[in-house]
Amino acid sequence: QTPVRLYFSVEEWKQIDGIKIAYLPISKLNQLDQEITCLKIPQHDFILEKQIRVPEFETTKWNGIHAPFAIGNSDSYLPFDFFSVGFFLLSKIEEWPESGLETDQFGRVLASELWICKTKQEQLPLFDILSERIYLLLNQQTNKLKSNSRLNLKATSRTINICYDIDVAYQFSGKGLL
């Protein structure tokens, strides 16, 4: 098991032996020494916002997948903010009533307005794919630390949870299924 610690001091963080993850604004990220043990994740302003709105962002293509919250001019391993992507995709903030995007007669945001549909990735488990690729990237970094036997990242088991969208199931109400 690999211990995880949060550090708020760069000096203390630099003294730690093992895999390090730096999640900082791009200006601070590029100031860090190039270390073989550091996975640099650029931070987008969106993750720090306190208001509910559909954020403005650039899209980048990374390993064949479009990812929002692109961060340019970085020497990081990731050209986007993974944590902002996670919140954006899992919260479905574009579909919130406050989004201001075009809706249908029932108040639902049109699919044609959604970023994931515009990039033709609506059928992909995008966050899962990006997470898996980042996990593989962490493993690559770990393999570079062969002299440090304390680091041991093991593959986790996966489960599939089947769930139903209530609106879809409700369409069949009174039709012999429900």
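Since the model is a prediction, treat every value here as computed from it, not as a measurement. (Residues numbered from 1 in each chain as written. Predicted model: local features only at pLDDT ≥ 70, side-chain atom pairs only at ≥ 80, totals over all residues. Heavy atoms only, no water.)

Novice: Explain the overall build of the protein chain to me, and be specific about the residues and the numbers.
Specialist: Broken down by element type, the protein chain carries six helices and four strands. Sequence-ordered secondary structure for the protein chain, helices as α and strands as β, is α-β-α-β-β-β-α-α-α-α. Relative to its 178 residues, the protein chain shows a buried fraction of 33%. Excluding contacts between residues fewer than 6 apart, the proportion of contacts in the protein chain whose partners are at least 24 apart in sequence is 50%. When the accessible area of the protein chain is evaluated, it comes to approximately 12600 Å², of which 53% is carbon and sulfur surface. (Helix = DSSP H or I, 4+ residues; strand = E, 2+ residues; numbered from the N terminus. Buried < 20%, exposed > 50% of the residue type's maximum accessible area, 1.4 Å probe, protein only. Contact = heavy atoms within 4.5 Å. Areas by Shrake-Rupley, 256 points an atom, 1.4 Å probe, with all protein chains shown as cover.)

Novice: Provide a residue-level description of unusual backbone geometry, including the pertinent values.
Specialist: With a phi close to 50°, Asn63 is a non-glycine residue in the positive phi region. Note that Asn63 resides in the loop between strand E3 (59-62) and strand E4 (65-68). Phi is positive for Lys92, close to 55°, though the residue is something other than glycine. Position of Lys92 among the secondary structure elements: in the loop between helix H3 (82-91) and helix H4 (115-118).

Novice: Describe the layout of surface pockets, listing the residues and the values that go with them.
Specialist: When its volume is computed, the second largest pocket comes out at roughly 550 Å³. Along its surface, the second largest pocket is lined by 19 residues, and Leu89, Lys92, Glu95, Ile116 and Glu122 are the ones closest to its centre. Where the lining of the second largest pocket is concerned, the elements lending two or more residues are H3, H4 and helix H5 (126-143). A class-by-class count of the residues in the lining of the second largest pocket yields 12 nonpolar, one polar and six charged. (1 Å grid on protein atoms, 1.4 Å probe; cavity = no way out; pocket = protein on both sides within 12 Å on 5 of 7 lines; lining within 4 Å. Points joined across faces, edges and corners; volume = space filled by probe spheres on them. Nonpolar A, V, L, I, M, F, W, Y, C, P; charged D, E, K, R; others polar.)

Novice: Please provide a residue-by-residue account of the pattern of salt bridges, values included.
Specialist: Evaluated as defined, the whole model comprises one salt bridge. Notably, a salt bridge pairs Asp104 with Arg108, separated by 3.0 Å at the nearest N-O pair. When its relative accessible area of 44% is taken as the criterion, Arg108 is described as partly exposed. (Salt bridge = Lys/Arg side-chain N within 4 Å of Asp/Glu carboxyl O.)

Novice: Help me get a handle on the packing of aromatic side chains, residues and values and all.
Specialist: A full pass over the atoms with the stated rule returns 11 aromatic pairs. For the pair Phe46 and Phe87, a centre-to-centre distance of 5.8 Å together with 45° between the ring planes defines the contact as tilted. Of the two residues, Phe46 sits in the loop between strand E2 (38-43) and E3 while Phe87 sits in helix H3, which places them 41 residues apart along the sequence. Assessed through its relative accessible area of 41%, Phe87 is described here as partly exposed. A ring pair is formed by Phe57 and Trp115, whose centres lie 6.1 Å apart and whose planes are at 70°; its orientation type is edge-to-face. With Phe57 in the loop between E2 and E3 and Trp115 in helix H4, this residue pair connects regions lying 58 residues apart in the sequence. Through a chain of ring-to-ring contacts, three or more aromatic side chains come together here, namely Phe46, Phe57, Phe69, Phe87, Phe88 and Trp115. (Phe/Tyr/Trp six-rings, centres within 6.5 Å; stacked < 30°, edge-to-face > 60°.)

Novice: Residues and numbers for the environment of Lys118, please.
Specialist: Mapped onto the elements of the fold, Lys118 is located in helix H4. On the basis of relative accessible area, Lys118 is assigned to the exposed category, the value being 55%. Those residues in contact with Lys118 that lie beyond four places of it in its chain are Ser112 and Glu113.

Novice: For H3, give the residues involved together with the corresponding values.
Specialist: Counting buried positions over the 10 residues of H3 gives seven, a clear majority of the element. Where H3 is concerned, the buried positions are Phe82, Ser84, Val85, Gly86, Phe88, Leu89 and Ser91. In this structure Asp81 caps H3, since a side-chain oxygen of it lies 3.0 Å from the backbone nitrogen of Phe83. Lys92 sits one or two positions beyond H3 and adopts a positive phi of about 55°. (Polar contact = N/O pair within 3.5 Å; in protein donor to acceptor, adjacent residues only side chain to side chain.)

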